[in-house]
Amino acid sequence: MRKKKISVLIVFLIVISCIGVSYAVFTYYSSTNVGSLVASNVYMYTDSNTNARAIDMLPMDRATAIRRSNTRTSFLVNGRNDTDKTLTYTIDIVNRKVDGKENIPFRFVNIDIFDNNETYYVQDVSIADFKEGDLPTFTITPNTDYFKRFYVRFWVNKDIFLSDSDPRANFKLTESGSAALPLYRDAVVSFDVVVSGTLN
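Basis of the calculations
Residues numbered from 1 in each chain as written. Predicted model: local features only at pLDDT ≥ 70, side-chain atom pairs only at ≥ 80, totals over all residues. Heavy atoms only, no water. Core = buried A, V, L, I, M, F, W, Y, C linked by side-chain atoms within 4.5 Å. Buried < 20%, exposed > 50% of the residue type's maximum accessible area, 1.4 Å probe, protein only. Helix = DSSP H or I, 4+ residues; strand = E, 2+ residues; numbered from the N terminus. Contact = heavy atoms within 4.5 Å. Polar contact = N/O pair within 3.5 Å; in protein donor to acceptor, adjacent residues only side chain to side chain.

Draft legend 1. Molecular detail of the nonpolar core. One finds F75, Y89, I91, I104 and I111 to be the most contacted residues of the largest nonpolar core, which totals 36 residues. Mapped onto this core, the elements with two or more residues apiece are strand 4 (41-46), strand 6 (72-81), strand 7 (87-95), strand 9 (109-115), strand 11 (138-140), strand 12 (144-156) and strand 13 (187-199).

Draft legend 2. Region of the structure containing the environment of S163. Take S163: it is sitting in the loop between strand 12 and strand 13. The exposure class assigned to S163 is buried, which follows from its relative accessible area of 12%. Taking the C-alpha atoms as reference, S163 lies 9.6 Å from Y184; in sequence the two are 21 residues apart. With sequence-adjacent residues up to four places away left out, S163 is seen in contact with A169, F171, K172, L173 and L181. Polar side-chain contacts of S163 include one of 3.2 Å to the backbone nitrogen of S165.

And the structure:
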């Protein structure tokens, strides 16, 4: 049995600007489109074409996130199982701390995970509630070519509380807000998408 684990860092940075009301500029960065080996000659690639800047990313519901094309990123599992063994792989989402940054707690970030056929594997789940095994195991038969694109849609949910003055808030909106609160524009959400492959 041969097993490899790879991960791709996806970092989401939030910046606030104020023009009458507060708007957010939400930018994510992913690694370049360089493959990481899963098993055999099957690789995971991030889709560099999906690097995007989403304007006005304040807390929202899923319906709003779906209407926005810039709330998602994608990755590919692609290549050839050139062995006589079945290749199985799983996908997991794991926490990654960004040093020197205030991370938005995962309970405030929801995700959908779906494929290019619009088959949904995870819908409207906070990353905090996402568990290993929530996604099925995918199979690649021996001596076959394989291509599958997955999408991760993400948004800050409406459970987060933003206020400059309320002590119950999770984040403040401006520098002049409570000194006890972290500044929302400096916050990040980061996680790894991990693909684990096994030849059986």
